[in-house]
Amino acid sequence: WGRSRDLSSDRILVTTGASGALNMICAIFTKPGDVVVVEKPSYFLAYGIFKEHNLKIVEVDSDEDGMDLDKFEELLQDGVVPSLVYTVPICSNPKGTSMTAGRAARLVHMSRQYGFKIASDEVYFLLQFEDPKMENSLAEEDDPMNPTVLAM
């Protein structure tokens, strides 16, 4: 996924949509009681999926450039230990804003530093028009040999 990286078929899983993919990610990468960090506001159906998996939801404010990573890092330093971070980095639902490339790179770096996976809901990736803030999938910032980004 993305515009610059070649992607082989062994790195693609066909699902019934973003909600089905998110449900599968939760089943594989979390256990009941784990923390999921969600940008606020976020896609309303994701909350139901997290509740079905008995995950503790912690919200982090977002602005016109995506999740506020300074506030998120404060939570991490205060002892919040997420298994998963859920973000809609491109044309977010419901705000319609996109994360900057700089924040995307920082979020991926934080996932490695603090040991969490990122569920990157990129369903609106191809809907960007002029001068997109993010030209590639969040997975483009990731290490393909040891990925932390799960792009949907």
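The structure this text deals with has already been given above.
The shown structure was predicted, so the numbers you read here are calculated from the model rather than taken from an experiment. (Residues numbered from 1 in each chain as written. Predicted model: local features only at pLDDT ≥ 70, side-chain atom pairs only at ≥ 80, totals over all residues. Heavy atoms only, no water.)

### Remarks on helix α4 (residues 101-114)
This is how it is decided: Numbered from the N terminus, helices here are DSSP runs of H or I no shorter than four residues, and strands are runs of E no shorter than two. In this scheme, a helix's expected span is set at 1.5 Å multiplied by one less than its residue total. Throughout this description, buried means an accessible area under 20% of the type-specific maximum (1.4 Å probe, protein chains only), exposed means over 50%, and partly exposed covers the range between. What the arc measures is the spread of directions leading from the helix axis to the C-beta atoms. Note on contacts: a residue pair is in contact if any heavy atoms of the two residues lie within 4.5 Å.
End to end, α4 covers 20 Å across 14 residues, agreeing with the expected 20 Å (1.5 Å per residue, within 8%). Within the span of α4, buried status applies to R103, A104, L107, V108, M110 and S111. Projection of α4 onto a plane perpendicular to its axis shows the buried side chains occupying an angular sector of 155°, all on one side. Of the exposed residues in α4, the ones pointing more than 90 degrees away from its buried face are G102 and H109. In this structure, the buried side of α4 is in contact with β2 (56-63), β3 (66-67), α3 (69-77), β4 (82-87), β5 (117-120) and β6 (149-151). G115 lies just past α4 and shows a positive phi near 80°.

### A word on the side chain of D34
As a reminder, the rule being used: Under this definition, polar contacts are N or O atom pairs within 3.5 Å; protein pairs additionally need one hydrogen-donor-capable and one acceptor-capable atom, and for neighbouring residues in sequence, both atoms have to be side-chain atoms.
Looking at where D34 falls in the secondary structure, it is placed in the loop between α1 (18-29) and β1 (35-40). Under the relative-accessibility criterion, D34 is labelled buried at 11%. In terms of polar contacts, D34 uses its side chain to reach the backbone amide nitrogen of K31, at 3.0 Å. Of the polar contacts made by the side chain of D34, one reaches the side chain of S83; its length is 2.8 Å. Residues contacting D34, with those up to four places away along its chain left out, are F29, N54, L55, K56 and S83.

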